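# Architecture at a glance
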Amino acid sequence: MKFLRHYAVGLVCLAMGFLVVWQPLPAQAQGAAPASGKPALYEFGAGYCVSCKDMEKVMAELKTTHSDQVEFRMVYVDKEKPLFDQYKIMLIPTQVFLDASGKEVDRHIGALTKEEVLKKLKELKLIK
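Along each chain, residues carry numbers from 1 onward, in the same order as the chain's sequence is written. Side-chain atom pairs in this predicted model are given and counted only at pLDDT of 80 or more, local residue features only at pLDDT of at least 70, and totals for whole chains, interfaces and linings cover all residues. Computation of side-chain values covers all heavy atoms of the structure but excludes hydrogens and water.

## With respect to the overall build of the protein
Helix and strand definitions here come from DSSP, where helices need a minimum of 4 consecutive H or I residues and strands a minimum of 2 consecutive E residues; each element is numbered from the N-terminal end. Looking only at helices and strands, one finds 5 helices and 4 strands in the protein. Expressed as a percentage of contacts within the protein between residues at least 6 apart in sequence, the contacts between residues at least 24 apart total 62%. Just so you have it, the protein exposes about 8400 Å², and 63% of that area is on carbon and sulfur atoms. Residue contacts follow a heavy-atom distance rule, with two residues in contact if any of their heavy atoms lie within 4.5 Å. Here the open area of atoms and residues is found with the Shrake-Rupley method and a 1.4 Å probe, where only the protein chains shown may cover a residue.

## Some points on the packing of aromatic side chains
Centres within 6.5 Å make a pair out of two Phe, Tyr or Trp rings, where for Trp the six-membered ring is used; the pair is then stacked when the planes are under 30 degrees apart, edge-to-face when over 60, and tilted otherwise. Applying the stated criterion across every chain yields a total of 4 aromatic pairs. Residues Y42 and Y87 carry aromatic rings whose centres are separated by 6.1 Å and whose planes lie at 85 degrees to one another, so their mutual orientation is edge-to-face. Here Y42, found in strand β1 (residues 40-45), pairs with Y87, found in the loop between α4 (81-86) and β3 (94-98); they are 45 residues apart in sequence, far enough to count as distant. When its relative accessible area of 2% is taken as the criterion, Y42 is described as buried. Through a chain of ring-to-ring contacts, three or more aromatic side chains come together here, namely Y42, F44, F84 and Y87. Each residue is placed in one exposure class: buried if its accessible area under a 1.4 Å probe, protein chains only, is under 20% of its type's maximum, exposed if it is over 50%, and partly exposed if it falls in between.

## Comments concerning the nonpolar core
We call a set of buried residues a nonpolar core when its members are Ala, Val, Leu, Ile, Met, Phe, Trp, Tyr or Cys and they connect through side-chain atoms within 4.5 Å of each other. If you look at the biggest cluster of nonpolar residues, it comprises 16 residues, and the most contacted ones within it are L41, L62, F72, V117 and L121. Counting only elements with at least two residues in this core, the list comes to α3 (50-66), β2 (71-76) and α5 (114-123). Top element by residues in this core is α3. It accounts for 4 residues. Apart from residues lying up to four places away in sequence, F72 is in contact with L41, M59, L62, K63, H66, S67 and L121. The next biggest cluster of nonpolar side chains, apart from the first, holds 10 residues, and it includes Y42, L83, I89 and L98.

Spelled out as structure tokens, the structure:
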């Protein structure tokens, strides 16, 4: 009898654990679609990362020239950890390319030049 009680309690705890783990985070529940309704490039990085600082400059340049077509967003690990978790970012810098509906269509790990980003955006048909 004692065994059955422990078994039942264990199953209840296991079920509750799964519910807690699989409960969507607020960002996932709302979706991560770009607010602008256009394709987006999320640059995941940190302020202390040299390659990330290079990507900041690239993103700033792209924002001035192509923000009418694509949303460019810097995401910092110390400020937006839930997005890092949502996109399962393991290394920085990482670029995540999203279509207009917010669906990830590609990602790249490591720094890119402005020209490489533009080439990738054209390959993915996110810009003309």
